[in-house]
Amino acid sequence: MIFGRSERGKPPVEPVTLKILVAGGFGVGKTTLVGAVSEIKPLRTEELLTEAGRPIDDTSGVEAKKTTTVAMDFGRITLREDLVLYLFGTPGQDRFWFLWDELATGALGAVVLADTRRLEDCFAAVDYFERRSIPFVVGVNCFQEAARYPAEDVRQALDLDPGVPVVLCDARDRESVKEVLIRVVQHAMAHAAARREAVAT
């Protein structure tokens, strides 16, 4: 890049920036997912779990978890030269859900991260996005110690609409997470196009 222009003489591309939420239950891997793909040092608002929170923070299935997000995670990934995603990870516990409305403002779409050992923990996130007509993809985080189920079985267990993509992923793996994010963008674009077509007819 020389004086704001590329070496080929073309002006630099002004990327489109899109906001994507990463939601799901407590301990499902939201912070890990954002950190796995972020090209900047991710912003994290994690605090240590304390004895005071033990009665309300259900750590069954994630006993090794020592910290929790209290506001949000934030990261950024460039999918193409002209497409940048800003990722906002939501807090998982009920007592921080008041932050969701603020985080959801202007979001193109969302990832609902699920753990098959605690599938019921993502019901609230699914319901949240369905009620607000925010397109979302369910990413099943395949923990090593968790049973593996076909995507269609997860769809049925969550009672999802047929059009909602369900993707098996590893929240620690950059390429796996990128595939989930690409599916979110594709699904959200298709959702927007369908709404425009419905308005036009």
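To be clear, the structure that these remarks concern was listed above.
Since this is a predicted model, take the numbers as computed values, not measurements.

**Student:** How would you sum up the overall build of the chain? Please name residues and give values.
**Tutor:** Looking only at helices and strands, the chain has five helices and seven strands in total. Listed by position from the N terminus, the elements making up the chain come as β-α-β-β-β-α-β-α-β-α-β-α. Burial statistics for the chain: of 201 residues in total, 44% are counted as buried. Split by element, the accessible area of the chain, about 11,200 Å² in all, is 53% carbon and sulfur.

**Student:** How would you explain the pairing of strand β6 (residues 136-141) if you had to name every residue and give the values?
**Tutor:** Counting buried positions along β6 gives six out of six residues, so the element sits mostly inside the fold. Here β6 shows two buried faces, one formed by Phe136, Val138 and Val140 and the other by Val137, Gly139 and Asn141. In this sheet, β6 lies alongside strand β5 (residues 109-114) in parallel orientation, the contact comprising five bridges. Counted as the bridge partner of Ala110 is Phe136 from β6.

**Student:** Could you give an account of the side chain of Arg155, naming the residues involved and the relevant values?
**Tutor:** When you line up the elements, Arg155 lands in helix α4 (residues 151-158). Setting aside residues no more than four positions away along its own chain, Arg155 makes contact with Leu160, Asp161, Pro162, Val164, Pro165 and Val166.

**Student:** Tell me about the pattern of salt bridges, residues and numbers included.
**Tutor:** Evaluated as defined, the whole model comprises nine salt bridges. We note a salt bridge from Arg117 to Glu145, for which the minimum N-O separation is 3.1 Å. Within this pair, whereas Arg117 is found in the loop between β5 and α3 (123-131), its partner Glu145 is found in the loop between β6 and α4, the two being separated by 28 residues in sequence. Note on Arg117: relative accessible area 28%, which makes it partly exposed. Its salt-bridge partner being Arg131, residue Asp127 comes within 2.8 Å of it at the nearest N-O pair. You can see Asp127 and its partner Arg131 sitting in helix α3, four residues apart, about one turn around the helix. The class of Arg131 is exposed, set by a relative accessible area of 64%.

**Student:** Requested: an account of the nonpolar core, with residues and values cited.
**Tutor:** A general tendency of soluble globular proteins is for nonpolar side chains to be buried together. Judged by nonpolar contacts, the single largest core of 26 residues is most densely connected at Leu21, Val112, Phe129, Phe136, Val138, Leu158 and Leu160. Secondary structure elements with two or more residues in this core: β1 (16-24), α2 (100-104), β5, α3, β6 and α4. Sort the elements by how many residues they give to this core and α3 lands first, with four residues. Not counting residues within four places of it along the chain, the set of residues in contact with Leu160 comprises Val126, Glu130, Phe136, Val138, Arg155 and Val166. Listed in part, the 24 residues of the second largest apolar core include Val22, Val28, Ile77 and Leu79.

**Student:** Could you give an account of helix α5 (residues 174-200), with specific residues and numbers?
**Tutor:** Taking 1.5 Å of rise per residue, the 27 residues of α5 would be expected to cover 39 Å, and the 39 Å separating its terminal C-alpha atoms lies within 8% of that figure. When α5 is considered as a whole, its buried residues turn out to be Ser176, Val177, Val180, Leu181, Val184, Val185, His187 and Ala188.

**Student:** Just give me the short version of unusual backbone geometry, but keep the residues and values in it.
**Tutor:** At Ser133, a position not held by glycine, the phi torsion is positive, near 55 degrees. By the secondary structure assignment, Ser133 is in the loop between α3 and β6. With a phi close to 55 degrees, Asp159 is a non-glycine residue in the positive phi region. The topology assignment puts Asp159 in the loop between α4 and β7 (166-169). For Asp159, a relative accessible area of 65% puts it in the exposed group.

**Student:** Talk me through the side chain of Lys30; I want residue IDs and the actual numbers.
**Tutor:** Relative to the helices and strands, Lys30 is located in helix α1 (residues 30-37). At a separation of 2.7 Å, a polar atom in the side chain of Lys30 contacts the main-chain carbonyl oxygen of Gly25.

**Student:** If you had to explain the packing of aromatic side chains to someone new, which residues and values would you point to?
**Tutor:** Counted under the stated rule, the structure contains six aromatic pairs. Geometrically, the ring pair formed by Tyr128 and Phe129 is edge-to-face, given 5.3 Å between the ring centres and 90 degrees between the ring planes. Across this residue pair, the class does not change: Tyr128 and Phe129 are buried. A connected cluster of aromatic rings, assembled from ring pairs, spans Trp100, Tyr128, Phe129 and Phe136. Seen from the ring of Tyr128, Arg132 lies directly overhead, with NZ or CZ sitting 3.7 Å from the centre.

Cut-offs and rules
- Residues numbered from 1 in each chain as written.
- Predicted model: local features only at pLDDT ≥ 70, side-chain atom pairs only at ≥ 80, totals over all residues.
- Heavy atoms only, no water.
- Helix = DSSP H or I, 4+ residues; strand = E, 2+ residues; numbered from the N terminus.
- Buried < 20%, exposed > 50% of the residue type's maximum accessible area, 1.4 Å probe, protein only.
- Areas by Shrake-Rupley, 256 points an atom, 1.4 Å probe, with all protein chains shown as cover.
- Pairing = 2+ DSSP bridges.
- Contact = heavy atoms within 4.5 Å.
- Salt bridge = Lys/Arg side-chain N within 4 Å of Asp/Glu carboxyl O.
- Core = buried A, V, L, I, M, F, W, Y, C linked by side-chain atoms within 4.5 Å.
- Expected span 1.5 Å × (residues − 1).
- Polar contact = N/O pair within 3.5 Å; in protein donor to acceptor, adjacent residues only side chain to side chain.
- Phe/Tyr/Trp six-rings, centres within 6.5 Å; stacked < 30°, edge-to-face > 60°.
- Lys NZ or Arg CZ within 6 Å of the ring centre and 35° of its normal.

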